[in-house]
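Read off the chains here:
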Amino acid sequence: MPRAQLNGRGLYYERRGDGPPLLLIQGMAGHHRTWGEPFLTALARDFDVVAYDHRGIGESDDVAGDFTIGDLADDAAALLDDLGWTSAHVLGVSLGGMVAQELALQHASRVRTLVLGCTYPGGEGASLRAAGPIRMMTAMNTRDVEQAVRAAYVSNLSAGHIADERHYAAFHEMALSVAAPVPVILRQAKAAFAHDAGDRLAGIAVPTLVLHGDEDDMMEHLNAEVIAAAVPGARLVTFEHTGHMFWWEHPERAAALIREHCCGTPESSGRFVRG
């Protein structure tokens, strides 16, 4: 069981592939399985990929008390140290995108390129008013696991994707494969609500790609527009008819965009993305 040692506590991660280092940072209640096998397989063709679980999730040791997004960014930097990576390409989604912002701001030399997916910057013009998080929290409070998983499915994926009931089994298996305790999720939510990098995003000095689905019910698309306008030279790509978990709905396309951004390898055009 691979666990990085961060000041005496363990942080679980999985590693695969060969190539430039790529650190994947998941969102609230997310874990290493939330990336999905198709997306990880696609990335591993071109990168040395590390996907880890935040403190308190799965086999990663918890830390008592509240924490900030900055604390989670420090965890990510300490993981890079444990891996022996002086720097890496970084992909963060949702809460993980907030962590990636702080990593690029507080530990700038550790980030080669940045991909910010379906995330929130804080500050003026940003919004946390999407309906999905409240739907999920309400379902979790019932303590009915099946109701909670179904709420997560509906909230994280597009109407077109969930219309095919055959898609549910894979999501259900993934959601229950790693423990994400409700108290930890609530502390993650508290950290997310306090996140505010809006006035500092102009200080991000690495090439930045912003990815977002136009049917995201967890994080409104306008947040992607705010980030892309604030980060110098950032490029925004919108996945059409796609929910919060764009990498789950379009793994090959998402991986191709990341490959192009990080390595300069052109990705083929397709009907799923508006650039």
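Everything here concerns the structure above.
Here the structure is a predicted model, which is why all the values come from computation and not from measurement.

(A) Examining the pairing of strand β2 (residues 9-16) more closely. Sheet topology places strand β1 (residues 3-6) next to β2; four bridges connect them, and they run antiparallel. When the sheet's bridge partners are listed, Gln5 is paired in β2 with Gly10. Bridging between β2 and strand β4 (residues 48-52) involves four bridges; their strand directions are antiparallel. Pairing of Arg16 across the sheet is with Val49, part of β4.

(B) Quick peek at the side chain of Ser127. Take Ser127: it is sitting in the loop between β6 (111-117) and α4 (132-141). For Ser127, a relative accessible area of 2% gives the class buried. Among the polar contacts made by the side chain of Ser127, one reaches the main-chain amide nitrogen of Arg129 at a distance of 3.1 Å. Here the side chain of Ser127 touches Glu220 through a polar contact of 2.3 Å, side chain to side chain. Setting aside its immediate chain neighbours within four residues, Ser127 contacts Tyr120, Met219, Glu220, Leu222 and Asn223.

(C) The arrangement of the packing of aromatic side chains in detail. Scanning the model with the defined rule gives seven aromatic pairs in all. The aromatic ring of Tyr168 is capped on one face by Arg150, whose charged end is 3.8 Å from the ring centroid.

(D) Structural view of the nonpolar core. The biggest cluster of nonpolar side chains holds 44 residues, and the ones touching the most others in it are Leu23, Ile25, Tyr52, Leu79, Val90, Leu103 and Leu114. No other element matches the eight residues that helix α2 (residues 69-83) contributes to this core. Leu114 has contacts with Val90, Ala100, Ala104, Ile204, Val206, Pro207, Thr208, Leu209 and His261, leaving out every residue within four places of it along the chain. By size, the runner-up hydrophobic cluster in this structure holds 36 residues, among which are Tyr153, Leu157, Leu209 and Ala254.

(E) Just helix α11 (residues 251-263), in detail. Relative to the 18 Å expected for 13 residues at 1.5 Å per residue, α11 spans 18 Å between its end C-alpha atoms, a close match to the ideal helical length. Considered for burial, the residues of α11 that qualify are Pro251, Arg253, Ala254, Ala255, Ala256, Leu257, Ile258, Arg259 and Cys262. Directly after α11, the chain includes Gly264, whose backbone phi takes a positive value near 75 degrees.

(F) Main features of the pattern of salt bridges. Here the structure, examined in full by the defined rule, presents 16 salt bridges. For the salt bridge of Arg9 with Asp75, the shortest nitrogen-to-oxygen distance reads 2.5 Å. Separated by 66 residues along the polypeptide, Arg9 in strand β2 and Asp75 in helix α2 bring together distant segments of the chain. Arg9 sits in the buried class, given a relative accessible area of 16%. Where Asp62 meets Arg187, a salt bridge forms, and the shortest distance between an N and an O atom there is 3.0 Å. Of this pair, Asp62 sits in the loop between β4 and α2 while Arg187 sits in helix α8 (residues 182-194), and the two are 125 residues apart along the sequence. What makes Asp62 partly exposed here is its relative accessible area of 41%. The exposure class assigned to Arg187 is buried, which follows from its relative accessible area of 14%. Put simply, Arg9, Arg55 and Asp75 are held in one network by salt bridges that share partners.

Definitions and cut-offs
- Counting restarts for each chain, with residues numbered from 1 along the sequence as it is written.
- Whole-chain, interface and lining totals are the exception, using all residues; otherwise, since this is a predicted model, local features are given only for residues with pLDDT of at least 70 and side-chain atom pairs are given and counted only at 80 or more.
- Processing note: side-chain calculations cover all non-hydrogen atoms of the structure and skip hydrogens and water entirely.
- One bridge is not enough; two strands pair if DSSP finds at least two bridges between them.
- Each helix is a run of H or I in the DSSP string that is no shorter than four residues. Each strand is a run of E no shorter than two, and both are numbered from the N terminus.
- Buried, partly exposed and exposed residues are distinguished by accessible area as a fraction of the type maximum, computed with a 1.4 Å probe on protein chains only: under 20%, between the cut-offs, and over 50%, respectively.
- By the criterion applied in these results, polar contacts are pairs of N or O atoms within 3.5 Å in which, for protein atoms, one can donate a hydrogen and the other can accept it, and in which residues neighboring in sequence qualify only through two side-chain atoms.
- Should any heavy atoms of two residues lie within 4.5 Å, those residues are counted as being in contact.
- Ring pairs shown here join Phe, Tyr and Trp side chains whose ring centres sit within 6.5 Å, with only the six-membered ring taken for Trp; geometry is labelled stacked below 30 degrees between planes, edge-to-face above 60, and tilted in between.
- Whether a charge sits over a ring depends on NZ of Lys or CZ of Arg being within 6 Å of the ring centre and within 35 degrees of the ring normal.
- What we call a nonpolar core is a set of buried Ala, Val, Leu, Ile, Met, Phe, Trp, Tyr and Cys residues that are connected through their side-chain atoms within 4.5 Å.
- Here a helix's expected span is defined as the number of its residues, less one, multiplied by 1.5 Å.
- We count a salt bridge whenever a side-chain nitrogen from Lys or Arg sits within 4 Å of a carboxyl oxygen from Asp or Glu.

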